[in-house]
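Observations on the three-dimensional arrangement
Each chain is listed here by its residues.
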Amino acid sequence: MARYVYDFTEGGRDMADLLGGKGSNLAEMTRLGLPVPPGFTLTTEACRVFLSTGSEPAGLGEELAAHLSAVEGAAGRLLGQPDNPLLLSVRSGARFSMPGMMETILDIGLNDESVLGLAKVSGSDRFAWDSYRRLVQMFGSTVMGVDPAQFERALILLKDVRGVPDDVHLDAGDLAQLVDTYKGLIHVETGEHFPQAPAEQLRRSVLAVFKSWNGERARLYRRREHIPDDLGTAVNVQRMVFGNLGPDSGSGVAFTRNPATGEPGLYGDYLPNAQGEDVVAGIRNTMPLTDLERLDPRSYARLRAHTRTLERHYRDLCDIEFTIEHGRLWMLQTRIGKRTAEAAFAIAAELADEGLITPDESLARVSGDGLAQLMFPRFDTSATGAPLAHGLPASPGAAVGAVVFHSPDAVRRATAGEKVVLVRQETTPDDLPGMIAAQAVLTSRGGKTSHAAVVARGMGKVCVCGAEELAVDVETGHFTAPDGTVVEEGAVISVDGSAGAVYAGAVPLADSEVMRFLESGPDDETAGDTGGEPTGDVHAKAPWLIGAVDRALTRADAVRRLEVRANADTPEDAARARRFGAQGIGLCRTEHMFLGERRKLVEEMILARSDAERDRALAALLPLQRQDFAGILKAMDGLPVTIRLLDPPLHEFLPDRTDLSVRIATAEARGGLPTANDVDLLAAVNRMHEENPMLGLRGVRLGLVIPGLVAMQARAIGEAVAERTRAGGAPRAEIMVPLVGDVRELRIVRRAVKQVLDEVSSTAGVPVTCPVGTMIELPRAALTAGRIAEAAEFFSFGTNDLTQTTWGFSRDDVEAEFFSTYLDKGVFPASPFETLDRDGVGRLIRIGVAEGRAARPDLKIGVCGEHGGDPGSVHFFHTVGLDYVSCSPFRVPVARLEAGRAALEATDVSDSR
Ligand code: PEP
Ligand code: MG
């Protein structure tokens, strides 16, 4: 029979699928001998059975009772025992952390009798009644479904009647009265009484937490974080320990290193005389953990020792929740801590230095997405006035947006295309949709481990929290800065999550130091030391951060098998790509060279009435193209440059049909004659008009239909190669034919190209040899790759068109039109134009690679669609054995890093996260 409950002494961190993250780590800490209050975990499997059948799994009740007995035995008292009650907490704990997204119920075991027992043994009536009213409130809302606002209202009313500002001023009698009011509320709302039987409280709480897996907040969070919906949550039942028993008690959150910057040393928040929930809720302002050293040196020393044990054991940044009960330290939770991109790089480098992890593991701990974040600009505050206010730099980055005070407003305005900043006193999990929609989150209360901070960091969203100087009034929709400035809803502010500053208006942006370093090129040894003038605390650390980024990239370059090239069409872009570490150009789109002043020549080519006219236009284009190619080949000297023959439909180079018609009609309406050129142009535009130009006369088809076009481009490339060779360079041009669907198309173009190259070679007197290859961007090309490879010296997958033609999705239309619906309905977790669709498009790529290589074993194969710079897709391209990825110059460092990580993954370097 299936087993659904495990004692903390029975589990371990390798059982996270079954016991969830929290449960498996509690078990691990228990095994390490750390002081963990005893308890047990109900498995994710139990949750899945419950959610799919709607009823408790068979045997769960008995197992629960047996484990409860064991905890009672160890404690020497019973759950809810009237004279000295054992109390329990019931908390969710999924495989992947979902902070605050599911339910928690504390103080289970209290009832009308045991509250008196608790009062006696704790020596505090107030504490006992406060615990009881918390239970009734949490149980009433979470288990029995009463609107939590009802309890809040009753609490506010009582405070008003007593004339006290907050809960701590209510005495035991007040709280006892509140319990009565809450119980009455529950009865009126549900027709049921608050259950007095402790076992029933426990059982119903467990099931309510299972149910909360499918709550709205939890579902939204999972969609965003790409956590599968069918995992279910485990539930942890644990003996309560109390941080609110007086000044020698308290609760805190600790990180073994600073999760924002990576700086070593214990870091966190502490709140004396408080429960853990009070720390995270951000309702009361916490003190830095270092103050605990003064307050309770013994507990602090123990905490330090335990956190060291944990970091050495997990070999990573750990995030810890603890409680001190009458001077005794209890460890309530640990997990691998979420961190900013900056901290991820810094910590990975430090842990490797400390010998805790290998250089390969260090590389596995950072990500291309994180690197991309570090490459974003930050605020240039040199010309800006003083900040409106300071808060805690909870999640780095720079964001500008209009102030909104409510989550639904943030969603509404962001959906309409506006950039917004969500401003609150503190956030709760209900604010999640608004946090996702906003550019940044700003709160006036709460520490760096408050809900706002933790969730924003997890999302990579800019966040400043605990900006106490701001008086935030969400009801009337404004906040007031210490200098008296009033900022109304809708006003634009700038939030600097790295420095913890808030500015009025839109502050301009400046390049990041990491970007400057990367742009300075891989060979510039001094770049790391001169990473720009420090402009503040955070940026002063830039050289250190740059060192960490450099190390990760160097390691990635050493282990990766995939080469990384760039998509670039100008010498400037080519040079930049090279500085970013590109090993060539994987796609030089020639259509961008047909724009601007040259459009006239293209028009002449299209309108030519005779071969001679067309040849004249082509002859005029030739030197211009040659010059383009020579510049790029020079910038990429010694490295391959894949030049693609013209791809888009030619009418893209002609004036707009409607504009032309209007111009002609206007001229006629004025009684004049339209110009002959306009009339010719309109006729050509009408002749060439296509309903679906992306599937029309483009790519290789142009080369077959327009005489002389391929020859002109091939000549320009050949002559540029000859010119560079004569100048002592090492040009390595490759000629790529777009949108091939059949080998015969390629053969025709290839023959024309080779003939021209031979001519150029003999005229110039230098060898001009350029491999000729093709893009694979139509399903038919992938499916007949074996035949195509007979005529192709290389393949480059054009995954933009391949995605378009495999799905039948118009690249230009569908993303705006209906992708949000598809994403909402879970058809795909991300746009297939961003992250490669492995099952469909990926399958075609596999076929193309296998059949291409079978026909021509030395076939060089790359990819040049947008996916070449997407981290997830890079891993796929590594797996299927491509030789290189090509992406925009700015994504080159990201692709280098991910190609390295992909190589490690393939050799199974375990990422301990
Ligand atoms: C592609 O289709 O993936 C590609 C790189 O070509 P383009 O985007 O220019 O069509
Ligand atoms: Mg294409």
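Keep in mind that this is a model prediction, so the values were computed, not measured. (Residues numbered from 1 in each chain as written. Chains lettered and ligands numbered in written order. Predicted model: local features only at pLDDT ≥ 70, side-chain atom pairs only at ≥ 80, totals over all residues. Heavy atoms only, no water.)

1. Description of the packing of helix α4 (residues 114-122) against helix α5 (residues 125-143)
Running from N to C, α4 and α5 cross one another at 140 degrees; their axes reach a closest spacing of 7 Å. In the crossing of α4 with α5, the sense of the turn from one axis to the other is right-handed. Residues V115, L116, L118, A119 and S122 of α4 form the contact with α5, whose own contacting residues are D125, F127, A128, W129, S131 and Y132. Classifying every residue of the contact of α4 with α5 gives 8 nonpolar, 2 polar and 1 charged. (Axes fitted to C-alpha atoms, helices over the stretch in contact; angles between N-to-C directions. Helix = DSSP H or I, 4+ residues; strand = E, 2+ residues; numbered from the N terminus. Left-handed = near helix turned anticlockwise from the far one by under 90°. Contact = heavy atoms within 4.5 Å. Nonpolar A, V, L, I, M, F, W, Y, C, P; charged D, E, K, R; others polar.)

2. A closer look at the sheet that holds strand β19 (residues 478-480)
Taken together, the 3 strands give an open sheet; going across it, the order is β18-β19-β20, and neighbouring strands pair in antiparallel fashion. Each of the sheet's edge strands pairs with one partner strand only, and the pair in question is β18 (471-473) and β20 (486-488). Strand-to-strand, the axes of this sheet are offset by a mean angle of 15 degrees, without reference to chain direction. Judged from the 3 bridges that link them, β18 and β19 form a sheet pairing that is antiparallel. Opposite D473, over in β19, you have H478 as the bridge partner. (Pairing = 2+ DSSP bridges.)

3. Quick look at the site of ligand 1
Near ligand 1 you find 14 residues, and of these R589, R644, G798, N800 and R811 are the closest. One of the side-chain N or O atoms of R644 is found 2.9 Å from an oxygen atom in ligand 1. A distance of 3.0 Å separates an oxygen atom of ligand 1 from a polar backbone atom of T799. In isolation ligand 1 exposes 290 Å². Once the protein is present, 96% of that is buried. Secondary-structure elements contributing two or more residues to the shell around ligand 1 are β25 (585-589) and α31 (799-807). Sort the elements by how many residues they give to the shell around ligand 1 and α31 lands first, with 3 residues. (Near = heavy atom within 4 Å. Polar contact = N/O pair within 3.5 Å; in protein donor to acceptor, adjacent residues only side chain to side chain. Areas by Shrake-Rupley, 256 points an atom, 1.4 Å probe, with all protein chains shown as cover.)

4. Considering the packing of aromatic side chains
Here the distance between the centres and the angle between the planes together describe a pair of aromatic rings. This model, assessed by the stated rule, comprises 24 aromatic pairs. Between F379 and Y503, the aromatic rings sit 6.5 Å apart at their centres with planes inclined by 75 degrees, giving edge-to-face as the arrangement. Pair noted here: F379 is in strand β11 (residues 378-379) and Y503 is in strand β22 (residues 501-504), with a separation of 124 residues, a long-range link. The same class applies to F379 as to Y503, namely buried. An angle of 85 degrees between the planes, with centres 5.5 Å apart, marks the rings of W807 and F828 as edge-to-face. Taken together, the residues span a long stretch of sequence, with W807 in helix α31 and F828 in the loop between α32 (814-824) and α33 (841-855) at a distance of 21 residues. In this structure W807 comes out as partly exposed when scored by relative accessible area, which is 32%. Through a chain of ring-to-ring contacts, the aromatic side chains of W807, F809, F818, F819, Y822, F828 and F833 assemble into a single cluster. If you follow R95 out to its NZ or CZ, it ends over the ring of F96, 5.0 Å from the centre. The ring of W213 carries the charged tip of R222 above its face, separated from the ring centre by 3.8 Å. (Phe/Tyr/Trp six-rings, centres within 6.5 Å; stacked < 30°, edge-to-face > 60°. Buried < 20%, exposed > 50% of the residue type's maximum accessible area, 1.4 Å probe, protein only. Lys NZ or Arg CZ within 6 Å of the ring centre and 35° of its normal.)

5. Notes on the pairing of strand β29 (residues 794-797)
Alternating positions in β29 separate into two faces, F794 and S796 on one and F795 and F797 on the other, with burial throughout. Here strand β28 (residues 772-776) runs beside β29; their pairing, made up of 3 bridges, is parallel. Residue pairing across strands places T774 opposite F795, the latter belonging to β29. Strand direction decides the pairing type here: β29 and strand β30 (residues 860-863), joined by 4 bridges, are parallel. Each bridged residue has a counterpart across the sheet, and for F797 the counterpart in β30 is V863.

6. Here's the deal with the pattern of salt bridges
Under the counting rule described, the total for this entry stands at 57 salt bridges. One salt bridge connects D801 with R811, and the closest N-O pair in it is separated by 3.1 Å. Pair noted here: D801 is in helix α31 and R811 is in the loop between α31 and α32, with a separation of 10 residues, a long-range link. Through salt bridges with shared partners, a single ionic network connects E591, R644, D647, R698, D801 and R811. (Salt bridge = Lys/Arg side-chain N within 4 Å of Asp/Glu carboxyl O.)

7. Points about the UniProt feature "domain: PEP-utilising enzyme C-terminal" (unreviewed entry) in the chain
What UniProt calls "domain: PEP-utilising enzyme C-terminal" (unreviewed entry) maps, in this numbering, to residues 551-900. Helix makes up 53% of residues 551-900 and strand 11%. Its end C-alpha atoms lie 12 Å apart. (UniProt positions renumbered as here; feature names shortened; annotations may be inferred.)

8. Looking at the coordination of the magnesium ion (ligand 2)
Binding of the magnesium ion (ligand 2) to the protein goes through E777 (OE) and D801 (OD), at separations of 2.1 Å. Here E777 is found in the loop between β28 and α29 (779-783), whereas its partner D801 is found in helix α31, with 24 residues between them in sequence. (Donors = N, O, S within 2.8 Å, 3.2 Å for Na, K, Ca; no water.)

9. With respect to the environment of R598
Residue placement: R598 occurs in the loop between β25 and α22 (599-607). Not counting residues up to four positions away in its chain, the partners in contact with R598 are M593, L621, L624 and D628. At 2.9 Å, the side chain of R598 and the backbone oxygen of M593 are in polar contact.

10. Details of the side chain of D107
Within the secondary structure, D107 sits in strand β4 (residues 104-108). Buried within the structure, D107 lacks any salt-bridge partner; R134 is the closest side chain of opposite charge, at an N-O distance of 5.4 Å. Excluding residues within four positions of it along the chain, D107 makes contact with L87, L88, S131, R134, L135, M240, F242 and Q275. (Lys, Arg positive; Asp, Glu negative; His and termini not counted.)

11. Considerations on the packing of helix α27 (residues 709-726) against helix α28 (residues 743-764)
With their axes 9 Å apart at the nearest point, α27 and α28 run at an angle of 35 degrees to one another. Remark: the crossing between α27 and α28 carries right-handed chirality. Here α27 contributes V710, A711, A714, R715, G718, E719, A722 and R726 to the contact with α28, which in turn contributes V749, A752, V753, V756, L757, E759, V760 and A764. For the contact of α27 with α28, the per-class residue count stands at 11 nonpolar, 1 polar and 4 charged.

12. Considering the nonpolar core
One finds F345 and I845 to be the most contacted residues of the largest nonpolar core, which totals 122 residues. What F345 contacts, discounting residues up to four positions off in sequence, is V366, S367, G370, L371, L374, L545, A548, V549, A552 and L897. By size, the runner-up hydrophobic cluster in this structure holds 58 residues, among which are V49, L64, A128 and F151. (Core = buried A, V, L, I, M, F, W, Y, C linked by side-chain atoms within 4.5 Å.)

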